[in-house]
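Tertiary structure, described
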Amino acid sequence: MTMGGPEDFSHFINAVIDEKSFDKISKYIDDARDNPLVEIVAGGGHDKSKGYFIEPTVLLTKDPQSVTMCEEIFGPVITIYVYDSDHFEDTLRLLDETSPYALTGAIFAQDRYAIELATQRLSNSAGNFYINDKPTGAVVGQQPFGGARASGTNDKAGSYLNLIRWVSPRTIKETFVPPNDYRYPFLAKD
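Here's a quick rundown of the structure. Along each chain, the written sequence defines residue order, and numbers are assigned to residues from 1. Local features are withheld for residues below a pLDDT of 70 in this predicted model, meaning they are given only at 70 or higher, and side-chain atom pairs are given and counted only at 80 or more; totals for whole chains, interfaces and linings count all residues. Each side-chain value is derived from all of the structure's non-hydrogen atoms; neither hydrogens nor water enter the calculation.

Right, let's get into the pairing of strand S7 (residues 104-107). Burial along S7 is one-sided: the residues Gly105 and Ile107 are buried and none of Thr104 and Ala106 is. Alignment of S7 against strand S8 (residues 128-131), held across four bridges, turns out to be parallel. Bridge pairing links Thr104 to Asn128 in S8. Since S7 and S8 lie parallel, the crossover through helix H4 (residues 112-121) that links them has a hand, and here it is right-handed. In this scheme, a residue with accessible area under 20% of its type's maximum is buried, one over 50% is exposed, and one in between is partly exposed, where area comes from a 1.4 Å probe on protein chains only. Every helix listed is a DSSP run of H or I at least four residues long, and every strand listed is a run of E at least two residues long, numbered separately from the N terminus. Any two strands are treated as partners once DSSP identifies two or more bridges connecting them. A crossover gets the label right-handed when its path from the first strand over the helix to the second runs clockwise, viewed with the strands pointing away from the viewer.

Structural data, given as structure tokens:
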């Protein structure tokens, strides 16, 4: 993967949005480097001398409550926690309870039972939930996108569902035959 300016479309990775984001994401990486429960498996470099560039970084944690497991980072950082496959349901509970955020989530599995169980148990854990697909890159206009919990109102940008957030629906009923009884016809005795 090449990293560079977004004007060159051959780059897969470009700089983060601004210095504030760069400093925040770099701190997550530096703190992980100092944490004995976290290993930097790949990447970890960052440099703002010629832009706010952060290497794609893979963290492996032994603590499912690690800060990078709980926060929305919005940078090229992913944290992996290896769960005990004999405790899949406990892991689903852990996923649901670990973070106040719920933007996206994904499960990679071949076992349809596991997929269905995860889909049900994580119904409030991600505004967008992916099965056997990367949890990034929703295509606006084709796939609505929105987070739940502290990640937003789940109003699904790129969808008519988003429109509902910005309008005040109003219903108007006009009757041309005035009512002559307060009762509804379906309430009449046979």
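Once that is clear, we can look at the nonpolar core. Among the nonpolar cores identified, the biggest contains eleven residues, and these are Val16, Phe22, Ile25, Tyr28, Ile29, Ala32, Val38, Ile54, Leu59, Ile73 and Val77. For this core, the leading source of residues is helix H1 (residues 19-34), giving five residues. Contacts: residue pairs with any heavy atoms within 4.5 Å of one another. Among residues more than four places away in sequence, those in contact with Phe22 are Val16, His46, Asp47, Lys48, Tyr52, Phe53 and Ile54. Side-chain atoms within 4.5 Å are what join buried Ala, Val, Leu, Ile, Met, Phe, Trp, Tyr and Cys residues into a set we call a nonpolar core. Phe88, Leu92, Ala109 and Ala114 belong to the second largest nonpolar core, which has nine residues in total.

On to H1, then. For a helix, the expected span equals 1.5 Å multiplied by the residue count minus one. Given a rise of 1.5 Å per residue, 16 residues ought to cover 22 Å, and the 22 Å separating the end C-alpha atoms of H1 matches this to within 8%. For H1, the full list of buried residues reads Phe22, Ile25, Ser26, Tyr28, Ile29 and Ala32. Within H1, the buried residues cover an arc of 150° as seen down the axis, which keeps them to one side. Residues Lys20 and Asp34 are exposed on H1 and point more than 90 degrees away from its buried face. The inward-facing, buried residues of H1 contact strand S1 (38-42), strand S2 (46-47), strand S3 (53-54), strand S4 (57-61), helix H2 (67-70) and strand S5 (77-81). Polar contacts here mean pairs of N or O atoms no more than 3.5 Å apart (in protein, one a potential hydrogen donor and the other a potential acceptor; neighbouring residues in sequence count only if both atoms are side-chain atoms). A distance of 3.4 Å separates the backbone nitrogen of Lys20 from a side-chain oxygen at the start of H1, and that oxygen is part of Asp18. Arc, as used here, means the arc of the directions from the helix axis to the C-beta atoms.

So, about the packing of helix H3 (residues 88-98) against H4. Helix packing for two helices is described by the angle between their axes and how far apart those axes are. Only the contacting stretch of a helix is used when fitting its axis, a line to C-alpha atoms as for every element, and angles between N-to-C directions run 0 to 180 degrees. Running from amino to carboxyl end, H3 crosses H4 at an angle of 30°, the nearest separation of the two axes being 10 Å. With respect to H4, the element H3 is oriented roughly parallel. Remark: the crossing between H3 and H4 carries right-handed chirality. Here Phe88, Glu89, Leu92 and Asp96 of H3 come into contact with H4, specifically with Tyr113, Ala114, Leu117, Ala118 and Arg121. Working rule for angles: under 35 degrees goes down as roughly parallel, over 145 as roughly antiparallel, 65 to 115 as roughly perpendicular, anything else as oblique. Crossings are classed by handedness, with left-handed meaning an anticlockwise turn of the near helix from the far one by less than a right angle and right-handed meaning a clockwise turn.

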